[in-house]
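# Close look at the chain arrangement
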Amino acid sequence: MAIWVDSSTRVVVQGITGREGTFHAIKCKEYGTSVVAGVTPGKGRIVHEGFPVFNTVLESVRAEGANTSLIFVPPAGAADAVMEAVDAGIRLVVCITEGVPVFDTLRVRTFMKGKSARLIGPNCPGIISPGKAKVGIMPGHIHKEGRVGVISRSGTLTYEAVGQLTSRGIGQSTCIGIGGDPIIGTGFIDALTAFKEDPDTEAVVMIGEIGGSAEEEAADYVKRDFNKPVVGFICGQTAPPGRRMGHAGAIISQGRGTAAEKMQKMQECGIRVIKSPAEIGAAIQEVYSKK
Amino acid sequence: MKIHEYQAKQILKKFGVPVPEGTVVDNPAEAYEVAKRLGSPVVVKAQIHAGGRGKGGGIKVVKTPEEAESVAPRMLGNNLVTPQTGPEGRKVRRLLIEQGLNIEKEYYFGIVIDRSAEKPVLMASKEGGVEIEEVARRNPDAILKEYVDPAVGLLTFQARKLAFGLGLQGPLVGKAAKTFIALYEAFKATDASLAEINPLVVTKEGDVLALDAKMNFDDNALYRHPDLQDMRDFDEEEPLEIQASRFGLNYIKLDGTVGCMVNGAGLAMATMDIIKLSGGSPANFLDVGGGASAEQVRNAFKILVSDKNVKAVLINIFGGIMRCDIVASGVVEAVKEVGVKIPVVVRLEGTNVEQGKEILRTSGLNFQVAEGMADAATKVVAAAS
């Protein structure tokens, strides 16, 4: 098993005729994911790189049975694309787009209240269940099927963690990049809750960063409710306050959201916190050797 | 993006938040003219992108136009040091000359987006003029909060609740509530990430006004606000950062000696962290992006080495979409073109890593190739010291 994406996943790529959309639709398909359709308004009825293209998400759901959406729509239209997918009955929406205004994401979150669809992102690398399905932009070949779950606010730092695991022969159940924006669809606690229920996930790597208090809230959840070992790392230990470190959400504002605060809280809650990003693989190996 | 106080007040005024009468000037003669028009007393306020100006001598109350004229040159052109500027301070280029008020009482009022609640939150406190962070530390219960449903907007009863909570009475309640609603309208319409009035004052005449104002905006939303883009003050930014932003690079200058070039914001921060853990200090944060081209790498390299404090460079790339061979070619070209004299440590991982390493090895240039982040950090810190 794995969480949220597996062999039943049928992907529609929104913005498939763009450069990024085309490239990654092909990469996901090459990995073995069922990419069943694309959507670009106004370009319906064409076939693009072998993918049938529709004008609306609803048409792709009806004609091809799409149940998961992967979004590459530019920032100004990204929020609308997410809401269209949700409205069409898509169960998992993965929004890769970087640069979505916060107020747009707030509208999306309000729109999604009471609906069962899940949003991952925006501003994220997506989600992969190695050996089953890849719905995102991560390099598939660095992953290996296995039993460690990975949750991260970052993109390439997630690859770094995965690379360290795979090179030690440790595989992953599902890896999720939840995104670097201040407001996101799926948080650490959502992913941890799903990993808790997943019998094939035995341990979790959690990679946070400065800004906000999502890591602290997740640490409380781990202490209260999570029964599997967690290894945690926080990047931005050396970041200056008040500056946005690339990600819109990575900012120490008003003295809150520092790495030190987060690391201390995670440690107190029973998470094995490591200081160096080079130790992620070793820490998980240690957890395993103790079992 | 940050703006100056006088710009924030222009925006607030447009949305119906009462602000003191005033004009921004950049020379003493104008300061005299404005002060004369406003009458006595007036306040001379240095305009820089940092708080704590009063403590640094950047705010002066004067009684006559002559005094305004003589105070102005002591501020203009000089560096103002406040608790938020760092020891070198910020150069003052403009002054806001404003009418003085008969202040009865000061309050705090601000709006930010609460990330956990996923809603804008209004905050108010009776401790005006004090930084809200300090109040939050000392006495968190003294901060009144109202969360706004983004679909519905701020409701009148919520604004009234805050006004009553601050202990206001009579006509002041309505005036304050109207001000709160106007500030929320400004916050939403401009895609702000912070709107703060500190202090919000009640005058002896029974008026409610924003004595100071601060606004920050969501960079992601600037594309739909050309009027706000025009308010960007390049003088307040680091020249290298401006240059980097023209190339679409995320660069933040720091004060260490190890220059770093990394793909991805998270990995870039983690690289800074491991440099520090290895005993060095990062000279910058630099994210070349997930799918950067050889040209981007070249541009990034030029910016890195134009920081004179940089003694060695660490390039840490985890190739996913970005192929290591492309990065390696970009680095080789850049080093040849720029004529780099300082040591360069390169760590490549991911897609096409072997081809990338081969390009570095056969380039005829003196790269140190590292295996893994720990090795890379150790090597670059040794090279920089």
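As the structure is a computational prediction, the values presented were derived from the model and not from experiment. (Residues numbered from 1 in each chain as written. Chains lettered and ligands numbered in written order. Predicted model: local features only at pLDDT ≥ 70, side-chain atom pairs only at ≥ 80, totals over all residues.)

Across its full length, chain B holds 13 helices and 18 strands. Expressed as lengths along the three principal axes of its C-alpha atoms, the size of chain B is roughly 80 × 50 × 40 Å. Expressed as a percentage of contacts within chain B between residues at least 6 apart in sequence, the contacts between residues at least 24 apart total 68%. (Helix = DSSP H or I, 4+ residues; strand = E, 2+ residues; numbered from the N terminus. Contact = placed C-beta atoms within 7 Å.)

Broken down by element type, chain A carries nine helices and 14 strands. On C-alpha atoms alone, chain A measures out to a radius of gyration of 18 Å, which is about the 19 Å that the 2.2 N^0.38 rule sets for 291 residues. Across its three principal axes, chain A shows a C-alpha extent of roughly 55 × 40 × 30 Å. The long-range share in chain A, meaning contacts at least 24 apart out of those at least 6 apart in sequence, stands at 70%. (Rg over C-alpha atoms; globule rule 2.2 N^0.38 Å.)

Attention now goes to the domain arrangement of chain A. All names here are of chain A. Partitioning chain A into structural domains gives domain 1 (10-120) and domain 2 (138-290). On a C-alpha basis, the centroid separation for the pair domain 1 and domain 2 is 26 Å. Across the contact, nine residues belong to domain 1 and eight residues belong to domain 2. Residue assignment for the side of domain 1 that touches domain 2 shows that the elements contributing at least two residues are helix 4 (102-112) and strand 7 (118-120). Element by element, the count of residues in the side of domain 1 that touches domain 2 is highest for helix 4, at four residues. (Domains from an automatic or database assignment.)

Residues and elements named next belong to chain B. Within strand 2 (residues 42-46), five of the five residues are buried, which leaves it mostly tucked inside the rest of the structure. Here strand 2 runs beside strand 6 (residues 95-99); their pairing, made up of five bridges, is antiparallel. Note on strand 6: the bridge partner recorded for Lys45 is Leu96. Here strand 2 pairs with strand 3 (residues 59-62) via four bridges, running antiparallel. Its bridge partner being in strand 3, Val43 is matched across the sheet by Val61. (Buried ≥ 20, exposed ≤ 12 C-beta atoms within 10 Å, placed from the backbone. Pairing = 2+ DSSP bridges.)

Right, let's talk about unusual backbone geometry for a bit. Cis geometry marks the peptide bond from Gly121(A) to Pro122(A); its omega dihedral reads 5°. Turning to its location among the elements, Pro122(A) is positioned in the loop between strand 7 and strand 8 (126-129). With omega at 10°, the peptide bond leading from Asn198(B) into Pro199(B) counts as cis. Looking at the element boundaries, Pro199(B) is found in strand 10 (residues 192-203). Even without a glycine there, the phi angle at Trp4(A) is positive, about 65°.

Residue and element names in this part refer to chain B. Turning to its location among the elements, Glu185 is positioned in helix 6 (residues 171-189). Residue Glu185 is classed as partly exposed on the basis of its 16 C-beta neighbours within 10 Å. Considering only alpha carbons, one finds Glu185 and Gly16, 169 residues apart in sequence, at a separation of 9.3 Å.

In this complex, chain B contributes 43 residues to the contact, which on the side of chain A involves 47 residues. Among the elements of the structure, strand 13 (250-253), helix 9 (265-277), strand 15 (284-287), strand 17 (344-350) and helix 13 (372-384) of chain B are those that each provide at least two residues to the side of chain B that touches chain A. In terms of residues, the side of chain B that touches chain A owes the most to one element, helix 9 of chain B, which gives eleven residues. For the side of chain B that touches chain A, the class distribution of residues is 20 nonpolar, twelve polar and eleven charged. (Nonpolar A, V, L, I, M, F, W, Y, C, P; charged D, E, K, R; others polar.)

Residues and elements named next belong to chain A. Restricting attention to buried positions, one finds in helix 9 (residues 280-290) the residues Ile280, Gly281, Ala283, Ile284 and Val287. Seen along its axis, helix 9 keeps its buried residues to an arc of 165°; they face one direction. Exposed and facing more than 90 degrees away from the buried side of helix 9 are Ser289 and Lys290. On the buried face of helix 9, the contacting elements are strand 10 (145-152), helix 5 (156-167), strand 12 (203-209), strand 13 (230-235) and strand 14 (272-273). (Arc of directions from axis to C-beta.)

Turning our attention to the sheet that holds strand 13 of chain A. All names here are of chain A. What the seven strands build is an open sheet, ordered 9-8-11-10-12-13-14; its pairing is mixed. Every interior strand has two partners, whereas the edge strands, strand 9 (133-136) and strand 14, have only one. Along the sheet face, helix 8 (residues 259-268) touches strand 12, strand 13 and strand 14 and points at about 170° away from the line of strand 13. (Axes fitted to C-alpha atoms, helices over the stretch in contact; angles between N-to-C directions.)

Below, the discussion takes up the sheet that holds strand 2 (residues 34-39) of chain A. Residue and element names in this part refer to chain A. Spatially, the seven strands line up as an open sheet ordered 3-4-2-1-5-6-7, and their pairing is mixed. Each edge of the open sheet is held by one strand with a lone partner, namely strand 3 (47-48) and strand 7. In this fold helix 3 (residues 75-87) packs onto strand 1 (10-14), strand 5 (68-71), strand 6 (92-95) and strand 7, with an angle of close to 165° to the strand it touches most, strand 6.

Here we take up helix 7 (residues 214-225) of chain A. All names here are of chain A. Relative to the 16 Å expected for twelve residues at 1.5 Å per residue, helix 7 spans 16 Å between its end C-alpha atoms, a close match to the ideal helical length. All of the buried residues along helix 7 are Ala214, Glu215, Glu216, Ala218, Ala219 and Val222. Considering only its buried residues, helix 7 is in contact with helix 6 (188-197), strand 12, strand 13 and helix 8. (Expected span 1.5 Å × (residues − 1).)

Bringing the nonpolar core into the picture now. The biggest cluster of nonpolar side chains holds 205 residues, and the ones touching the most others in it are Ile71(A), Val82(A), Leu183(B) and Leu286(B). Per element, the largest residue contribution to this core is nine residues, and it comes from helix 6 of chain B. When residues of this core are assigned to domains, at least three map to each of domain 1 (10-120) and domain 2 (138-290) of chain A. Not counting residues within four places of it along the chain, the set of residues in contact with Leu286(B) comprises Leu249(B), Asn250(B), Tyr251(B), Cys260(B), Met261(B), Val262(B), Ala268(B), Ala300(B) and Leu304(B). With 23 residues, the next largest nonpolar core counts Ala31(B), Leu38(B), Ala46(B) and Ala50(B) among its residues. (Core = buried A, V, L, I, M, F, W, Y, C linked by C-beta atoms within 7 Å.)

Moving on, we come to the pairing of strand 8 of chain A. All names here are of chain A. With burial as the criterion, each face of strand 8 is covered, one bearing Gly126 and Ile128 and the other bearing Ile127 and Ser129. As paired elements, strand 8 and strand 9 share four bridges and run antiparallel to each other. In the strand pairing of strand 9, Ser129 is matched with Ala133. Remark: three residues form the turn of the hairpin made by strand 8 and strand 9, two consecutive strands paired antiparallel; Gly131 in that turn has positive phi of roughly 80°. Here three bridges tie strand 8 to strand 11 (residues 172-177), and the two strands are oriented antiparallel to one another. Paired with Ile127 across the two strands is Ile176, which belongs to strand 11.

Residue and element names in this part refer to chain A. Contact geometry for helix 5 and helix 9: axes closest at 8 Å, N-to-C directions at 50°. Relative to helix 9, helix 5 is oriented oblique. Once helix 5 is placed against helix 9, the crossing between them reads as right-handed. Contact with helix 5, carried on its side by Ala161, Gln164, Leu165 and Ser167, involves Ile280, Gly281 and Ile284 of helix 9 and no other residues of that element. Classifying every residue of the contact of helix 5 with helix 9 by side-chain character gives four nonpolar, three polar and no charged. (Parallel < 35°, antiparallel > 145°, perpendicular 65-115°, else oblique. Left-handed = near helix turned anticlockwise from the far one by under 90°.)

Okay, the confidence of the model for chain B next. The predicted model of chain B averages 93 in pLDDT, with 99% of residues at 70 or higher. This complex was scored by the predictor with a pTM of 0.93 and an ipTM of 0.92. (pLDDT = per-residue confidence, 0-100.)

Turning next to the packing of helix 11 (residues 324-338) of chain B against helix 12 (residues 353-361) of chain B. Residue and element names in this part refer to chain B. One can describe the packing of helix 11 onto helix 12 by two numbers: an axis separation of 7 Å at closest approach and a directional angle of 20°. Classified by the interaxial angle, the pair formed by helix 11 and helix 12 is roughly parallel. For the pair helix 11 and helix 12, the sense of crossing is right-handed. Residues Cys324, Asp325, Val327, Ala328, Ser329 and Val332 of helix 11 form the contact with helix 12, whose own contacting residues are Val353, Gln355, Gly356, Ile359 and Leu360. Considered class by class, the residues forming the contact of helix 11 with helix 12 number seven nonpolar, three polar and one charged.

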